[in-house]
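Working through the structure, step by step
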Amino acid sequence: MGRNSVDAGAVRAAVLVVGEWLRDEGVAAPARGEIAAAVRGTARALASSAPGHSVEVRVPPFVAVQCIEGPRHTRGTPPNVVETDPRTWLLLATGLLDFDTAVDSGTLTASGSRAREIAPWLPIVPLRPAD
């Protein structure tokens, strides 16, 4: 598998491992490695599905990817950035939270005129509330 290839089955499996925690904040958080695998897999799947370099998606401390076709960014702070914490990212990636709600709540920042262009690419691995 190439550097930019994403194994959809592996991404889904990683998301299922953290699924109970995503559905219920009262459940103990999974191991850091399990969260990292789900975050990295879903972010890289987004970059694979929506290739490009116009928007940078940051989920510290685990991953930053560039996606969405358009002008390439190479130095300094990108003009279009989406940034959030791992749990919020996974809620977005699974469809358990929508983009606008995350922005409105302050758990996700979307700066730049093109940052919201990732919203139509979500969810990446849809989960139902009772999956």
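To start, this report covers the structure provided alongside it. (Residues numbered from 1 in each chain as written. Predicted model: local features only at pLDDT ≥ 70, side-chain atom pairs only at ≥ 80, totals over all residues. Heavy atoms only, no water.)

1. Structural notes on the nonpolar core
How we decide: Side-chain atoms within 4.5 Å link the members of a nonpolar core, which is a set of buried Ala, Val, Leu, Ile, Met, Phe, Trp, Tyr and Cys residues. Three exposure classes are used, based on accessible area relative to the maximum for each residue type with a 1.4 Å probe and protein chains only: buried under 20%, partly exposed in between, and exposed over 50%. Comment: elements are numbered from the N terminus, with helices defined as DSSP H or I runs of at least four residues and strands as E runs of at least two. Residue contacts are counted whenever heavy atoms from the two residues lie within 4.5 Å of one another.
Counting residues in each nonpolar core, the largest one holds 37 residues, and the members touching the most others are V39, V57, C67, V82, W89, L90 and I118. For this core, the elements supplying multiple residues, two or more each, are helix 1 (8–23), helix 2 (32–49), strand 1 (55–59), strand 2 (63–67), helix 3 (86–94) and helix 4 (99–105). In this structure W89 touches V39, T42, A43, L46, V57, V59, T84, I118, L122 and I124, once residues within four positions along its chain are discounted.

2. Quick word on helix 1
Note the following rule: To estimate how far a helix should reach, multiply one less than its number of residues by 1.5 Å. The angle between axes fitted to the seven-residue stretch ending at a residue and the seven-residue stretch beginning at it gives the bend at that residue. Pairs of N or O atoms within 3.5 Å make up the polar contacts considered here, provided that, within protein, one atom can donate a hydrogen while the other can accept it, and that residues adjacent in sequence are counted only when both atoms are side-chain atoms.
With 16 residues, helix 1 extends 21 Å from end C-alpha to end C-alpha; this agrees with the ideal 22 Å at 1.5 Å per step. Roughly 45° is the biggest bend found in helix 1, and it falls at V17. Residues of helix 1 that are buried: V11, A14, V15, V18, G19, W21 and L22. The elements touched by buried residues of helix 1 are helix 2 and helix 3. Two to three positions downstream of the cap, the backbone nitrogen of G9 sits 3.0 Å from a side-chain oxygen, assigning the N-cap of helix 1 to D7.

3. Regarding the environment of N80
Looking at where N80 falls in the secondary structure, it is placed in the loop between strand 2 and strand 3 (81–84). Considered as a pair, N80 and E117 are 37 residues apart in the sequence and their alpha carbons are 9.7 Å apart. Residues within four places of N80 in sequence aside, it is in contact with S54, V55, E56, S111, G112, S113, R114 and A115. From its side chain, N80 meets the backbone nitrogen of R114 in a polar contact 2.8 Å long.

4. Considering the pattern of salt bridges
Heads up, the rule is: A carboxyl oxygen of Asp or Glu within 4 Å of a side-chain nitrogen of Lys or Arg is what we treat as a salt bridge.
The full count for this structure, using the stated rule, is 4 salt bridges. Residue E83 pairs with R58 through a salt bridge whose shortest N-O separation is 3.8 Å. Placement of E83 in strand 3 and of R58 in strand 1 is noted, with a sequence separation of 25 residues between them. One salt-bridge network, held together by shared partners, links E56, R58 and E83.

5. Here we look at the packing of aromatic side chains
Definition in use: By convention, a stacked pair of Phe, Tyr or Trp rings (six-membered ring in the case of Trp) has centres within 6.5 Å and planes under 30 degrees apart, an edge-to-face pair has planes over 60 apart, and any other such pair is tilted. Geometrically, a lysine NZ or arginine CZ counts as sitting over a ring once it is within 6 Å of the ring centre and also within 35 degrees of the ring normal.
According to the stated counting rule, one finds 0 aromatic pairs in the structure shown. The cationic tip of R87 hangs over the ring face of W21; the distance from NZ or CZ to the ring centre is 5.3 Å.

6. Looking at the pairing of strand 1
Regular strands place their side chains on alternate faces of the sheet. The test is simple: DSSP calls a pair of strands paired once it identifies at least 2 bridges connecting them.
With respect to burial, strand 1 is a largely interior element, 4 of its 5 residues being buried. Here strand 1 runs beside strand 2; their pairing, made up of 5 bridges, is antiparallel. Looking at the pairing, V59 lines up with V63 of strand 2. Counting the residues in the hairpin turn of strand 1 and strand 2 gives 3 residues. Of the pairings in the sheet, the one linking strand 1 to strand 3 comprises 3 bridges and is parallel in character. Note on strand 3: the bridge partner recorded for V57 is V82.

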